[in-house]
Amino acid sequence: MSKPKSNNAKTISVALTLCLVCSVLVSAAAVGLKPAQVENARLDRNKNILVAAGMFDPASDTNEDVAERFKDFEVKIVDLSKGNYLDDDALKAAGIPDRNAYDASQATKNKALSEDLGSNDPAGIGRVPKYAKVYVKSDDAGKPEMVVLPIQGYGLWGTIYGFLTLESDMNTIKGISFYEHKETPGLGARIEEPEWRAMWSGIHSYDENGAVATGVTKAGNPKDNWVDGISGATLTGRGVSNMIQFWLGEQGYKPYLDQLRKESGKTLANTEVKASQSPYKKLGQSLNQHQTHKQTHPVTELVAVVPAAHGKEA
């Protein structure tokens, strides 16, 4: 009895049909899930903004709370070099059709919307956007009560993304959050922990001369008004420090923050800043301990290094 002859053409036809059906199903699923993915990304961004602003507790608050509280913020687009907001006409001229949809990270891929930092790039981001999206919460009189600033910079293994919130004096840090990074679990990834993030609260961004006056120290090396680094994560701490100093500096938000202080009649050259400089904060200490055991180490800036380091956490 002879065996049936194989039909290669039929086999290939069946395989192609199965591939086509699977491709259609996968594509349909991707298209169908896209709105949900976009919404989840938006929710996560807004949640991290509220965390940085001290207006959301992940342990007890809900997604409904995010939607309600985020209504207090107004989205603004800032010209980083000039420090002013872009109105609708200026947005159109800059090629930004929708302020809410504007993505500064994506803008760095557009030469018309960004600038190459060259060798002057301590945060390791390559290009800086010409325009930044900020989130402003105003008081009943219409004056900024706080402003949330998107920040990013290279850590140990990749770019760290987060938000930094300043109080109405545009100097005192209210909070910080990190929502995307590739840092080592149990070491650099501890920058996400509430205990470490809480140490930034009350820190002053600038001294009375307008110089950036804060950063992250190497664990166990205290500096007044600086935050204690995480043991075993020196390179991550250095990356965060460089990132903070870059975005608070002239290449970042300083022209904008100076403009806000000018409009409100506030200045950095006053005795209040000198008297209220926050002490060095060490991981594990309580706020009361910070206040009663103030260190006397001088405020100095971290030496800028190229943060594109790869290797073990130090």
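Participant: Help me understand the nonpolar core, please; the structure alone is not making it clear to me.
Facilitator: In globular proteins that are soluble, nonpolar side chains generally tend to be buried together. Ranked by internal contacts, the top residues of the largest apolar core, which has 41 residues, are Trp-196, Val-240, Tyr-253, Tyr-256 and Leu-257. Residue assignment for this core shows that the elements contributing at least two residues are strand S5 (131-138), strand S6 (144-154), strand S7 (159-167), strand S8 (173-180), helix H6 (234-248) and helix H7 (254-264). A total of six residues in this core trace back to one element, the largest contributor, which is H6. Listed in part, the 16 residues of the second largest apolar core include Phe-56, Phe-70, Met-146 and Phe-163.

Participant: Would you mind showing me how to read the pairing of strand S1 (residues 73-79) here?
Facilitator: Consecutive side chains of a regular strand alternate in pointing toward one face of the sheet and then the other. Taken across its seven residues, S1 has six buried, putting it largely inside the fold. The pairing of S1 with strand S2 (residues 84-85) spans two bridges and is classified as antiparallel. Each bridged residue has a counterpart across the sheet, and for Asp-79 the counterpart in S2 is Asn-84. Adjacent in sequence and paired antiparallel, S1 and S2 are bridged by four residues, among which Gly-83 carries a positive phi angle near 85°.

Participant: Please clarify how the pattern of salt bridges should be interpreted in this entry.
Facilitator: When the charged atoms of two side chains lie near each other, side chains of opposite charge can form a pair. For the coordinates displayed, the defined rule picks out 10 salt bridges. With a closest N to O distance of 3.4 Å, Glu-74 and Lys-76 form a salt bridge. Exposure remark for Glu-74: the relative accessible area of 42% places this residue in the partly exposed category. Among the salt bridges present, the one from Arg-99 reaches Asp-88, with a minimum N-O distance of 2.8 Å.

Participant: I keep staring at the sheet that holds S8 and nothing clicks. Help me out?
Facilitator: Two modes of strand pairing occur in sheets, parallel and antiparallel, and in both the strands are linked by backbone hydrogen bonds. In space, the six strands of this open sheet follow the order S2-S1-S5-S6-S7-S8, with antiparallel pairing throughout. Only two strands of the sheet have a single neighbouring strand rather than two, namely S2 and S8. Direction of pairing for S1 relative to S5: antiparallel, over a ladder of seven bridges. Directly across from Lys-76, in S5, lies its bridge partner Val-134. Sitting on the sheet, H6 touches S6, S7 and S8, and the angle it makes with S6 is about 130°.

The rules behind the values
- Within each chain, residues carry numbers counting from 1 in the order of the written sequence.
- Local features are withheld for residues below a pLDDT of 70 in this predicted model, meaning they are given only at 70 or higher, and side-chain atom pairs are given and counted only at 80 or more; totals for whole chains, interfaces and linings count all residues.
- Excluding hydrogens and water, the side-chain values take into account all heavy atoms of the structure.
- Only buried Ala, Val, Leu, Ile, Met, Phe, Trp, Tyr and Cys residues count toward a nonpolar core, and they belong to the same one when joined by side-chain atoms within 4.5 Å.
- Remark: exposure states derive from per-residue accessible area (1.4 Å probe, protein chains only) relative to the maximum for the residue type, with buried under 20%, exposed over 50%, and partly exposed in between.
- Secondary structure elements follow DSSP: runs of H or I no shorter than four residues count as helices, runs of E no shorter than two count as strands, and numbering proceeds from the N terminus.
- The criterion for strand pairing is that DSSP finds at least two bridges linking the strands in question.
- Think of a salt bridge as a Lys or Arg side-chain nitrogen and an Asp or Glu carboxyl oxygen that are within 4 Å of each other.
- Whether two residues are in contact is decided by their heavy atoms: any pair within 4.5 Å suffices.
- In this analysis an axis means a line fitted to C-alpha atoms, helices contributing only their contacting stretch, and an angle means the value between N-to-C directions, from 0 to 180 degrees.

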